[in-house]
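Observations on the model geometry
Here is how the chains run, residue by residue.
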Amino acid sequence: MTKKTYEFAEDSFFISRRRFMAIGAAFLAVMALPVGWISNRIAQRNDYIKARARGLYKDDAIAKLRVSHANPAVAKYYQEFGGEPLGHKSHDLLHTHFVDRTKLNS
């Protein structure tokens, strides 16, 4: 009687299931690192934005001049130079125009 050996599909592959799972887990861990880093950076940025907003609101609450039309420097500008608020001259001098420069080749 001869002993028969059976060849399984897994035998043609050079690593065991346990080794394959270990490699897969390591691969997933390495791929998950950038996601964790990016989410951490976004959380830090959001914390900074919230802290900045709290500081601005705190400064605004204790400020003596809280509105621009009550500011003496702005009133003096309109009396001496700017004409009237929302006028053509003050609009040209005080308002900026957005130019998208992200696509310029430099």
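Report follows, based on the coordinates. (Residues numbered from 1 in each chain as written. Predicted model: local features only at pLDDT ≥ 70, side-chain atom pairs only at ≥ 80, totals over all residues. Heavy atoms only, no water.)

**So, the overall build of the chain**
Here is the rule we go by: Secondary structure elements follow DSSP: runs of H or I of four or more residues count as helices, runs of E of two or more count as strands, with numbering from the N terminus. Here's how the labels work: a residue is buried when its accessible area is under 20% of the maximum for its type, exposed when over 50%, partly exposed in between, all with a 1.4 Å probe on protein chains only.
Summing up its helical and strand segments, the chain has 3 helices and 0 strands in all. Seen in sequence order, the chain has helices and strands lined up from the N terminus as α-α-α. Expressed as a percentage of its 106 residues, the buried residues of the chain come to 4%.

**Here we look at helix α1 (residues 17-62)**
Rules: Multiply 1.5 Å by the residue count of a helix minus one, and that product is the helix's expected span. Fitting one axis to the seven residues ending at a residue and another to the seven starting there, the bend at that residue is the angle between the two axes.
Its 46 residues give α1 an end-to-end C-alpha distance of 67 Å, which sits within 8% of 68 Å, the value for a rise of 1.5 Å per residue. Most pronounced at Ala-32, the bend in α1 amounts to some 25 degrees, and the proline Pro-34 follows within four residues.

**Focus on the pattern of salt bridges**
Rule in force here: A carboxyl oxygen of Asp or Glu within 4 Å of a side-chain nitrogen of Lys or Arg is what we treat as a salt bridge.
Within this structure, the stated rule accounts for 1 salt bridge. Note that Arg-66 is salt-bridged to Asp-60, the shortest N-O span being 3.6 Å.

**Things to note about a nonpolar patch on the surface**
Keep this limit in mind: The residues that make up patches have over 30% relative accessible area and no salt bridge, and they are joined within 9 Å when like-charged or within 5 Å when they are Val, Leu, Ile, Met, Phe, Trp or Tyr. To be clear on the numbers: accessible area is Shrake-Rupley with a 1.4 Å probe, and residue cover counts the displayed protein chains and nothing else.
On the surface, Phe-27, Leu-28 and Met-31 cluster together to form a nonpolar patch covering roughly 350 Å² of accessible area. Structurally, Leu-28 is set in helix α1. You can call Leu-28 exposed: its relative accessible area is 59%.

**Some points on the packing of aromatic side chains**
Any aromatic ring pair is given by two values, namely how distant the centres are and how the planes are angled relative to each other. How we decide: Only centres within 6.5 Å qualify two rings of Phe, Tyr or Trp (six-membered ring in Trp) as a pair; their planes then separate them into stacked at under 30 degrees, edge-to-face at over 60, and tilted for everything else. Whether a charge lies above a ring is judged from NZ of Lys or CZ of Arg, which has to be within 6 Å of the ring centre and within 35 degrees of the ring normal.
Across all of its chains, the model carries 2 aromatic pairs by this definition. Ring plane angle 65 degrees and centroid distance 5.0 Å describe the contact between Tyr-77 and Tyr-78, whose orientation is recorded as edge-to-face. Ring plane angle 55 degrees and centroid distance 6.1 Å describe the contact between Tyr-77 and Phe-81, whose orientation is recorded as tilted. With Tyr-77 and Phe-81 both in helix α2 (residues 72-82), this residue pair falls 4 residues apart, about one helical turn. Taking the relative accessible area as the measure of exposure, Phe-81 reaches 47% and is therefore partly exposed. Taken together, the ring pairs connect Tyr-77, Tyr-78 and Phe-81 into an aromatic cluster. Above the plane of the ring of Phe-81 lies Lys-89, whose end atom (NZ or CZ) is 4.5 Å from the centre.

**A few points about the side chain of Ser-90**
Let me state the cut-off plainly: Counted as a polar contact is a pair of N or O atoms within 3.5 Å, where, for protein atoms, one must be capable of donating a hydrogen and the other of accepting one, and residues adjacent in sequence contribute only when both atoms are in side chains. The contact criterion used throughout is that any non-hydrogen atoms of two residues lie within 4.5 Å.
For Ser-90, the location among the structural elements is in helix α3 (residues 88-94). Polar contacts involving the side chain of Ser-90 include one to the main-chain carbonyl oxygen of Gly-87, which spans 3.1 Å. Once residues within four sequence positions are removed from consideration, Ser-90 is found in contact with Tyr-77, Tyr-78, Gly-82, Glu-84, Pro-85 and His-95.

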